[in-house]
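Chain residues, written in single-letter form:
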Amino acid sequence: MAVTSDLVTVVTEETFAEVVLGSDKPVLVDFWAQWCPPCHMIAPVLAEIAAEQVDTLRVCTVNADENPGIARDYQVMSMPTLMVFRDGVPVRSYVGARPKVRLVAELADALR
């Protein structure tokens, strides 16, 4: 994801454990790749969600091509894959770009 917001944190294999697994609030991780058009389409949506839910949700992005270990560890096979982590554990996963209203509803359901 071309980062479109200061509120979206870029994570790497070196920072993933601390930033995502060690977060004190739920984390939405966007696994993306530069060659993936839907990944670029969803980037602004994720930036909006990061701004709107800054107090309750952390939004992060992982370039799967540059960080293949993380993608392998979480069995990411398609891009974009959005994964919700809570207390360091993946609790929900979504594959493919989706409209903001649908993603917000899915997140609300995952974070109950």
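Heads up: the structure comes first, above all this text.
Residues numbered from 1 in each chain as written. Predicted model: local features only at pLDDT ≥ 70, side-chain atom pairs only at ≥ 80, totals over all residues. Heavy atoms only, no water.

Colleague: Let's hear about the overall build of the protein chain: which residues, and what values?
Modeller: Within the protein chain, the secondary structure is distributed over 4 helices and 5 strands. For the protein chain, the sequential pattern of α-helices and β-strands runs β-α-β-α-β-α-β-β-α. About 5,700 Å² of surface is accessible on the protein chain, with carbon and sulfur atoms providing 54% of the total. Side-chain charges of the protein chain comprise 9 positive and 15 negative groups, with the mean position of each set lying 9 Å from the other. (Helix = DSSP H or I, 4+ residues; strand = E, 2+ residues; numbered from the N terminus. Areas by Shrake-Rupley, 256 points an atom, 1.4 Å probe, with all protein chains shown as cover. Lys, Arg positive; Asp, Glu negative; His and termini not counted. Charge placed at Lys NZ, Arg CZ, Asp CG, Glu CD.)

Colleague: Break down the sheet that holds strand β2 (residues 27–32) for me, citing the residues and quoting the values.
Modeller: The mixed open sheet is built from 5 strands, whose spatial order is β1-β3-β2-β4-β5. Edge positions in the sheet fall to β1 (8–10) and β5 (89–95), since each has one partner strand and no second. Across this sheet, the average inter-strand angle for adjacent strands is 25°, counted without regard to direction. Where β2 and strand β4 (residues 81–86) come together, 5 bridges link them in antiparallel fashion. Each residue of the ladder has a partner; that of F31, found in β4, is T81. Those strands touched by helix α2 (residues 37–52) are β1, β2, β3 (58–63) and β4, and its axis lies near 165° from that of β2. (Pairing = 2+ DSSP bridges. Axes fitted to C-alpha atoms, helices over the stretch in contact; angles between N-to-C directions. Contact = heavy atoms within 4.5 Å.)

Colleague: Could you give me a rundown of the pattern of salt bridges, with the residues and numbers involved?
Modeller: The full count for this structure, using the stated rule, is 7 salt bridges. As a salt-bridge pair, E52 and K100 come within 2.5 Å of each other at their nearest N and O atoms. In this pair, E52 is assigned in helix α2 and K100 in helix α4 (residues 100–110), connecting sequence segments 48 residues apart. Between D109 and R92 there is a salt bridge; the shortest N-O distance is 3.0 Å. (Salt bridge = Lys/Arg side-chain N within 4 Å of Asp/Glu carboxyl O.)

Colleague: For the state of the cysteines, give the residues involved together with the corresponding values.
Modeller: If you walk through the whole model with that rule in mind, you get 1 disulfide. The side chain of C36 participates in a disulfide bridge whose partner is C39; the two sulfur atoms lie 2.3 Å from each other. Measuring the twist about the S-S bond at about 85°, one finds the C36-C39 disulfide to be right-handed. Its sulfur unpaired, C60 is 16 Å from the next cysteine sulfur, which belongs to C39. Note on C60: relative accessible area 0%, which makes it buried. (Disulfide = S-S within 2.5 Å. Buried < 20%, exposed > 50% of the residue type's maximum accessible area, 1.4 Å probe, protein only.)

Colleague: Tell me about the packing of aromatic side chains, residues and numbers included.
Modeller: Taken as a whole and assessed by the stated rule, the structure comprises 3 aromatic pairs. Ring pairs connect the aromatic residues F16, Y74 and F85, which therefore count as one cluster. (Phe/Tyr/Trp six-rings, centres within 6.5 Å; stacked < 30°, edge-to-face > 60°.)

Colleague: I'd like to hear about the nonpolar core, residue by residue, with values.
Modeller: Core analysis: the biggest nonpolar cluster contains 20 residues, and F16, V20 and V29 have the highest contact counts within it. Among the elements that take part in this core, β2 stands out by supplying 4 residues, more than any other. If we skip the residues at most four places from it in the chain, V20 touches V11, T15, V27, V29, C60 and F85. Listed in part, the 16 residues of the second largest apolar core include I42, L46, A50 and V84. (Core = buried A, V, L, I, M, F, W, Y, C linked by side-chain atoms within 4.5 Å.)

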